[in-house]
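# Fold and contact review
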Amino acid sequence: MTLVSPPVEHAPPRPAPTVARRSLGDVVRPLVSGLGQLLVTVAVIVGLLIVYENFVSDLYSDRAQAHLTEQLRDEWDAPSPTTVAVPPPVTAPPVGEPFGFLHIPRLGTDYRRAVVEGT
């Protein structure tokens, strides 16, 4: 017994591709898409900056205030010499050194900030 394969039909040849003209929408669409992505990226960056300015910088400021408060309290609690013939002249503290506390009762009874020379 011999097997005979069915006749194979060949597909007609494809026509040569033609160059399609680009419409105005084909040109504008990628530009608008790129502009939209750029605006979203800028909005995310600005949002992160706002979060940093409102929350993260407060954490750094509170940490610095706690350090300055402790430094000033330690300086004031240190024993002073008992015998002083002539009191030293009053001079301005160096720039960046705390020299007092600022109390604002309206902001709370425990609100206290160290005042730093030069700020």
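Structure: above.
Report follows, based on the coordinates. Computed from a predicted model, the values in this text were never measured in an experiment. (Residues numbered from 1 in each chain as written. Predicted model: local features only at pLDDT ≥ 70, side-chain atom pairs only at ≥ 80, totals over all residues. Heavy atoms only, no water.)

Looking now at the nonpolar core. With 5 residues, the main nonpolar core is built from Leu68, Leu72, Phe101, Ala114 and Val116. Mapped by element, the contributors of at least two residues to this core are helix 1 (24–77) and strand 2 (112–116). Look past the residues within four positions of alanine 114 in its chain and what remains in contact with it is Gln65, Leu68, Thr69, Pro98, Gly100 and Phe101. (Core = buried A, V, L, I, M, F, W, Y, C linked by side-chain atoms within 4.5 Å. Buried < 20%, exposed > 50% of the residue type's maximum accessible area, 1.4 Å probe, protein only. Helix = DSSP H or I, 4+ residues; strand = E, 2+ residues; numbered from the N terminus. Contact = heavy atoms within 4.5 Å.)

Attention shifts here to the packing of aromatic side chains. A full pass over the atoms with the stated rule returns 1 aromatic pair. Between tryptophan 76 and phenylalanine 101, the aromatic rings sit 5.4 Å apart at their centres with planes inclined by 85°, giving edge-to-face as the arrangement. Placement of the pair is tryptophan 76 in helix 1 and phenylalanine 101 in strand 1 (residues 98–103), with a sequence separation of 25 residues. Accessibility expressed as a relative area gives 17% for phenylalanine 101, which makes it buried. If you follow arginine 112 out to its NZ or CZ, it ends over the ring of phenylalanine 101, 5.9 Å from the centre. (Phe/Tyr/Trp six-rings, centres within 6.5 Å; stacked < 30°, edge-to-face > 60°. Lys NZ or Arg CZ within 6 Å of the ring centre and 35° of its normal.)

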